[in-house]
Amino acid sequence: MTNPDTRSVIVEKDFPHPPEKVWRALTESSLIEQWLMKNDFQLVAGRAFQLRMDPVPNWNGVIDCQVVTVDPGKTLAYTWGTLGLESVVTFTLTRTDAGTHVHMEQTGFRPDQEAAYKGANYGWQAFLGKLEHVLTSVE
Amino acid sequence: MPNAADRVFKALADPTRRALFERLARDGDLTVHALTASAGVSQPMVSKHLSALKRARLVRHRRNGRETHYSARQEALAPLVDWIGDYGAFWQNKLDLLGDVLERMDK
(Lines give C-alpha, C1' and ligand atoms only; values in the text may rest on other atoms or scores of the structure.)
Protein backbone atom coordinates (compact mmCIF):
# COMPACT_ATOMS: atom_id res chain seq x y z
CA MET A 1 0.00 0.00 0.00
CA THR A 2 2.87 2.37 0.58
CA ASN A 3 5.01 1.91 -2.51
CA PRO A 4 4.98 5.36 -4.08
CA ASP A 5 5.26 4.08 -7.64
CA THR A 6 2.67 1.35 -7.79
CA ARG A 7 0.17 0.61 -5.11
CA SER A 8 -0.97 -2.83 -4.25
CA VAL A 9 -3.65 -4.36 -2.13
CA ILE A 10 -2.98 -7.62 -0.30
CA VAL A 11 -5.62 -9.76 1.34
CA GLU A 12 -4.80 -13.11 2.92
CA LYS A 13 -7.10 -15.80 4.19
CA ASP A 14 -6.90 -19.39 5.40
CA PHE A 15 -9.46 -21.92 4.26
CA PRO A 16 -10.07 -25.35 5.84
CA HIS A 17 -10.07 -26.91 2.38
CA PRO A 18 -7.32 -28.42 0.25
CA PRO A 19 -5.67 -26.33 -2.50
CA GLU A 20 -7.20 -28.53 -5.21
CA LYS A 21 -10.65 -27.48 -4.13
CA VAL A 22 -9.78 -23.80 -3.70
CA TRP A 23 -8.22 -23.91 -7.16
CA ARG A 24 -11.52 -25.14 -8.61
CA ALA A 25 -13.40 -22.28 -6.97
CA LEU A 26 -10.90 -19.83 -8.46
CA THR A 27 -10.95 -21.28 -11.96
CA GLU A 28 -14.39 -22.73 -12.77
CA SER A 29 -16.68 -20.15 -14.29
CA SER A 30 -19.84 -21.20 -12.44
CA LEU A 31 -18.01 -21.24 -9.11
CA ILE A 32 -16.31 -17.88 -9.78
CA GLU A 33 -19.74 -16.40 -10.35
CA GLN A 34 -20.84 -17.52 -6.90
CA TRP A 35 -18.20 -15.56 -5.03
CA LEU A 36 -16.84 -12.95 -7.43
CA MET A 37 -18.88 -11.98 -10.47
CA LYS A 38 -20.55 -13.24 -13.61
CA ASN A 39 -17.82 -14.15 -16.06
CA ASP A 40 -16.71 -16.01 -19.16
CA PHE A 41 -13.48 -17.16 -17.59
CA GLN A 42 -11.49 -19.95 -19.19
CA LEU A 43 -8.38 -21.40 -17.62
CA VAL A 44 -6.04 -20.70 -20.52
CA ALA A 45 -3.00 -18.45 -20.24
CA GLY A 46 -3.39 -15.45 -22.52
CA ARG A 47 -7.18 -15.82 -22.78
CA ALA A 48 -9.22 -12.64 -22.43
CA PHE A 49 -12.40 -12.69 -20.37
CA GLN A 50 -14.80 -10.32 -18.71
CA LEU A 51 -16.15 -10.00 -15.21
CA ARG A 52 -19.56 -8.37 -15.06
CA MET A 53 -21.32 -6.54 -12.30
CA ASP A 54 -24.76 -5.01 -12.59
CA PRO A 55 -24.45 -1.86 -14.72
CA VAL A 56 -24.83 1.47 -12.96
CA PRO A 57 -25.46 4.87 -14.58
CA ASN A 58 -22.51 5.72 -16.82
CA TRP A 59 -20.70 2.48 -16.09
CA ASN A 60 -21.47 -0.77 -17.86
CA GLY A 61 -20.16 -2.85 -14.98
CA VAL A 62 -17.63 -4.67 -17.13
CA ILE A 63 -14.10 -5.49 -16.01
CA ASP A 64 -11.81 -6.57 -18.86
CA CYS A 65 -9.36 -9.24 -17.87
CA GLN A 66 -6.75 -11.50 -19.38
CA VAL A 67 -5.25 -14.61 -17.87
CA VAL A 68 -1.54 -14.00 -17.25
CA THR A 69 -0.29 -16.90 -15.16
CA VAL A 70 -1.59 -20.41 -14.63
CA ASP A 71 0.33 -22.70 -12.29
CA PRO A 72 -2.31 -25.32 -11.40
CA GLY A 73 -3.10 -25.51 -7.73
CA LYS A 74 -0.60 -22.78 -6.93
CA THR A 75 -0.79 -19.51 -8.81
CA LEU A 76 -3.43 -17.77 -10.88
CA ALA A 77 -2.96 -14.23 -12.19
CA TYR A 78 -5.06 -12.07 -14.47
CA THR A 79 -5.17 -8.46 -15.54
CA TRP A 80 -8.01 -6.34 -14.23
CA GLY A 81 -8.94 -3.32 -16.29
CA THR A 82 -11.80 -0.96 -15.66
CA LEU A 83 -12.43 2.77 -15.70
CA GLY A 84 -8.94 3.47 -16.94
CA LEU A 85 -7.28 1.58 -14.10
CA GLU A 86 -5.14 -1.31 -15.22
CA SER A 87 -3.97 -3.71 -12.56
CA VAL A 88 -3.06 -7.35 -12.06
CA VAL A 89 -4.74 -9.70 -9.61
CA THR A 90 -2.66 -12.67 -8.39
CA PHE A 91 -3.85 -15.52 -6.23
CA THR A 92 -1.16 -17.64 -4.60
CA LEU A 93 -2.20 -20.85 -2.86
CA THR A 94 -0.08 -22.55 -0.20
CA ARG A 95 -0.95 -25.89 1.34
CA THR A 96 -1.15 -25.77 5.15
CA ASP A 97 -1.85 -28.36 7.85
CA ALA A 98 -5.38 -27.04 8.11
CA GLY A 99 -6.04 -26.55 4.41
CA THR A 100 -4.97 -23.69 2.20
CA HIS A 101 -3.51 -20.25 2.71
CA VAL A 102 -4.64 -17.83 -0.03
CA HIS A 103 -2.63 -14.71 -0.73
CA MET A 104 -4.45 -12.26 -3.02
CA GLU A 105 -2.54 -9.32 -4.35
CA GLN A 106 -3.77 -6.64 -6.70
CA THR A 107 -0.99 -4.47 -8.03
CA GLY A 108 -0.46 -1.71 -10.51
CA PHE A 109 -2.49 1.25 -9.33
CA ARG A 110 -0.19 4.04 -10.33
CA PRO A 111 -0.81 7.38 -8.66
CA ASP A 112 -0.49 9.12 -12.00
CA GLN A 113 -3.14 6.84 -13.50
CA GLU A 114 -5.61 7.97 -10.91
CA ALA A 115 -5.60 11.50 -12.16
CA ALA A 116 -5.18 10.60 -15.81
CA TYR A 117 -8.63 11.05 -17.17
CA LYS A 118 -7.96 10.75 -20.84
CA GLY A 119 -10.84 12.05 -22.86
CA ALA A 120 -12.25 14.21 -20.13
CA ASN A 121 -15.84 13.45 -20.86
CA TYR A 122 -15.50 9.69 -20.79
CA GLY A 123 -13.37 9.90 -17.70
CA TRP A 124 -15.76 12.02 -15.78
CA GLN A 125 -18.84 10.18 -16.91
CA ALA A 126 -17.39 6.81 -16.09
CA PHE A 127 -16.01 8.01 -12.83
CA LEU A 128 -19.20 9.57 -11.67
CA GLY A 129 -21.03 6.39 -12.57
CA LYS A 130 -18.66 4.52 -10.35
CA LEU A 131 -19.11 7.11 -7.66
CA GLU A 132 -22.84 6.62 -7.74
CA HIS A 133 -22.33 2.92 -7.35
CA VAL A 134 -19.96 3.34 -4.45
CA LEU A 135 -22.15 5.78 -2.62
CA THR A 136 -25.16 3.52 -3.03
CA SER A 137 -23.29 0.59 -1.65
CA VAL A 138 -21.99 2.43 1.42
CA GLU A 139 -25.33 3.92 2.46
CA MET B 1 -11.61 17.63 11.89
CA PRO B 2 -12.81 15.61 8.90
CA ASN B 3 -10.16 14.58 6.41
CA ALA B 4 -10.24 15.30 2.70
CA ALA B 5 -11.99 12.03 1.86
CA ASP B 6 -14.72 12.68 4.45
CA ARG B 7 -15.36 16.10 2.98
CA VAL B 8 -15.51 14.82 -0.59
CA PHE B 9 -17.82 11.94 0.27
CA LYS B 10 -20.11 14.10 2.32
CA ALA B 11 -20.26 16.83 -0.30
CA LEU B 12 -21.16 14.38 -3.06
CA ALA B 13 -23.61 12.32 -1.03
CA ASP B 14 -26.26 15.01 -1.59
CA PRO B 15 -28.02 14.52 -4.96
CA THR B 16 -28.42 18.24 -5.63
CA ARG B 17 -24.77 18.94 -4.92
CA ARG B 18 -23.75 15.97 -6.99
CA ALA B 19 -25.85 17.24 -9.90
CA LEU B 20 -24.21 20.67 -9.60
CA PHE B 21 -20.79 19.11 -9.54
CA GLU B 22 -21.56 16.89 -12.53
CA ARG B 23 -22.83 19.91 -14.45
CA LEU B 24 -19.62 21.81 -13.74
CA ALA B 25 -17.52 18.80 -14.61
CA ARG B 26 -19.37 18.43 -17.89
CA ASP B 27 -19.91 22.03 -18.94
CA GLY B 28 -16.96 23.77 -17.34
CA ASP B 29 -17.02 27.31 -16.10
CA LEU B 30 -20.54 28.49 -15.13
CA THR B 31 -22.12 31.34 -13.16
CA VAL B 32 -24.48 30.85 -10.24
CA HIS B 33 -27.27 32.14 -12.46
CA ALA B 34 -26.59 29.57 -15.13
CA LEU B 35 -26.43 26.81 -12.55
CA THR B 36 -29.65 27.94 -10.89
CA ALA B 37 -31.51 27.82 -14.18
CA SER B 38 -31.09 24.06 -14.38
CA ALA B 39 -30.73 23.09 -10.72
CA GLY B 40 -34.41 22.99 -9.79
CA VAL B 41 -33.73 24.81 -6.53
CA SER B 42 -33.52 28.49 -5.57
CA GLN B 43 -30.42 30.57 -6.08
CA PRO B 44 -29.71 30.83 -2.32
CA MET B 45 -29.83 27.02 -2.17
CA VAL B 46 -27.50 26.75 -5.16
CA SER B 47 -25.10 29.18 -3.46
CA LYS B 48 -25.27 27.16 -0.25
CA HIS B 49 -24.50 23.94 -2.10
CA LEU B 50 -21.66 25.60 -3.98
CA SER B 51 -20.18 26.71 -0.66
CA ALA B 52 -20.27 23.11 0.54
CA LEU B 53 -18.57 21.96 -2.67
CA LYS B 54 -16.01 24.72 -2.20
CA ARG B 55 -15.27 23.61 1.37
CA ALA B 56 -14.67 20.12 0.02
CA ARG B 57 -12.39 21.76 -2.54
CA LEU B 58 -14.42 20.17 -5.33
CA VAL B 59 -15.01 23.48 -7.08
CA ARG B 60 -13.08 26.68 -7.53
CA HIS B 61 -14.50 30.11 -8.20
CA ARG B 62 -13.40 33.37 -9.75
CA ARG B 63 -15.09 36.71 -9.81
CA ASN B 64 -15.74 38.42 -13.11
CA GLY B 65 -17.38 41.78 -12.51
CA ARG B 66 -20.52 41.11 -10.49
CA GLU B 67 -20.73 37.47 -11.46
CA THR B 68 -18.96 34.59 -9.78
CA HIS B 69 -17.93 31.75 -12.04
CA TYR B 70 -17.53 28.23 -10.75
CA SER B 71 -15.63 25.28 -12.21
CA ALA B 72 -14.92 21.72 -11.10
CA ARG B 73 -11.56 20.71 -9.65
CA GLN B 74 -11.00 17.24 -10.98
CA GLU B 75 -7.92 16.75 -8.83
CA ALA B 76 -10.10 17.08 -5.73
CA LEU B 77 -11.53 13.65 -6.49
CA ALA B 78 -8.18 12.09 -5.68
CA PRO B 79 -9.18 10.93 -2.17
CA LEU B 80 -12.21 9.24 -3.66
CA VAL B 81 -10.17 7.58 -6.38
CA ASP B 82 -7.76 6.42 -3.69
CA TRP B 83 -10.65 4.93 -1.81
CA ILE B 84 -12.03 3.16 -4.85
CA GLY B 85 -8.54 2.10 -5.86
CA ASP B 86 -8.12 0.52 -2.48
CA TYR B 87 -9.70 -2.79 -3.21
CA GLY B 88 -8.89 -4.11 0.25
CA ALA B 89 -12.44 -4.10 1.54
CA PHE B 90 -13.70 -5.43 -1.77
CA TRP B 91 -11.39 -8.45 -1.71
CA GLN B 92 -11.91 -9.12 1.97
CA ASN B 93 -15.59 -9.46 1.25
CA LYS B 94 -15.01 -11.58 -1.86
CA LEU B 95 -12.73 -14.02 -0.06
CA ASP B 96 -15.36 -14.42 2.67
CA LEU B 97 -17.82 -15.37 -0.07
CA LEU B 98 -15.23 -17.76 -1.49
CA GLY B 99 -15.18 -19.47 1.91
CA ASP B 100 -18.95 -19.92 1.70
CA VAL B 101 -18.65 -21.42 -1.79
CA LEU B 102 -16.00 -23.88 -0.57
CA GLU B 103 -18.34 -25.00 2.23
CA ARG B 104 -21.17 -25.58 -0.22
CA MET B 105 -18.95 -27.53 -2.63
CA ASP B 106 -18.76 -30.38 -0.08
CA LYS B 107 -22.46 -30.95 -0.11
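Above this text you will find the structure in question.
Because the structure is a prediction, the values reported are computed rather than measured.

A. Structural view of the overall build of chain A. For chain A, the helix and strand inventory stands at four helices and seven strands. Along chain A, helices and strands appear, N-terminal first, in the series β-α-α-β-β-β-β-β-β-α-α. Across the 139 residues of chain A, 24% fall into the buried class. A separation of at least 24 residues holds for 42% of the contacts in chain A among residues at least 6 apart in sequence.

B. Molecular detail of helix H1 (residues 19-27) of chain A. Within H1 of chain A the residues assigned to the buried category are Pro-19, Val-22, Trp-23, Ala-25 and Leu-26 of chain A. The buried residues of H1 of chain A all sit within an arc of 160° when viewed along its axis, so they share a single face.

C. The arrangement of the environment of Glu-67 of chain B in detail. Residue position: Glu-67 of chain B is located in strand E3 (residues 67-72). C-alpha separation for the pair Glu-67 of chain B and His-33 of chain B, spaced 34 residues apart in sequence, amounts to 8.5 Å.

D. View of the pairing of strand E4 (residues 62-71) of chain A. Residues and elements named next belong to chain A. As paired elements, strand E3 (residues 48-52) and E4 share five bridges and run antiparallel to each other. Residue pairing across strands places Ala-48 opposite Gln-66, the latter belonging to E4. Connecting the antiparallel pair E4 and strand E5 (residues 75-82) is a turn made up of three residues, with Gly-73 showing a positive phi of about 80°.

E. Focus on the packing of helix H2 (residues 15-27) of chain B against helix H4 (residues 43-55) of chain B. Residues and elements named next belong to chain B. One can describe the packing of H2 onto H4 by two numbers: an axis separation of 10 Å at closest approach and a directional angle of 75°. Here H2 lies roughly perpendicular to H4, going by the angle between them. Here Thr-16, Arg-17, Leu-20 and Phe-21 of H2 come into contact with H4, specifically with Val-46, His-49, Leu-50, Ala-52 and Leu-53. The residue makeup of the contact of H2 with H4, split by class, is six nonpolar, two polar and one charged.

F. How the structure looks around the nonpolar core. Counting 18 residues, the largest nonpolar core has Leu-20, Phe-21, Leu-24, Leu-53, Leu-58 and Val-59 of chain B as the members making the most contacts within it. Going through the elements one at a time, helix H1 (4-13), H2, H4 and E3 of chain B are the ones with two or more residues in this core. Beyond its immediate chain neighbours, meaning those up to four positions away, Leu-53 of chain B contacts Ala-11, Arg-17, Leu-20, Phe-21, Leu-58 and Val-59 of chain B. Formed by 15 residues, the second largest nonpolar core is a distinct cluster that contains Leu-26 and Met-104 of chain A together with Leu-98 and Val-101 of chain B.

Each value, and the rule that gives it
Residues numbered from 1 in each chain as written. Chains lettered and ligands numbered in written order. Predicted model: local features only at pLDDT ≥ 70, side-chain atom pairs only at ≥ 80, totals over all residues. Helix = DSSP H or I, 4+ residues; strand = E, 2+ residues; numbered from the N terminus. Buried ≥ 20, exposed ≤ 12 C-beta atoms within 10 Å, placed from the backbone. Contact = placed C-beta atoms within 7 Å. Arc of directions from axis to C-beta. Pairing = 2+ DSSP bridges. Axes fitted to C-alpha atoms, helices over the stretch in contact; angles between N-to-C directions. Parallel < 35°, antiparallel > 145°, perpendicular 65-115°, else oblique. Nonpolar A, V, L, I, M, F, W, Y, C, P; charged D, E, K, R; others polar. Core = buried A, V, L, I, M, F, W, Y, C linked by C-beta atoms within 7 Å.

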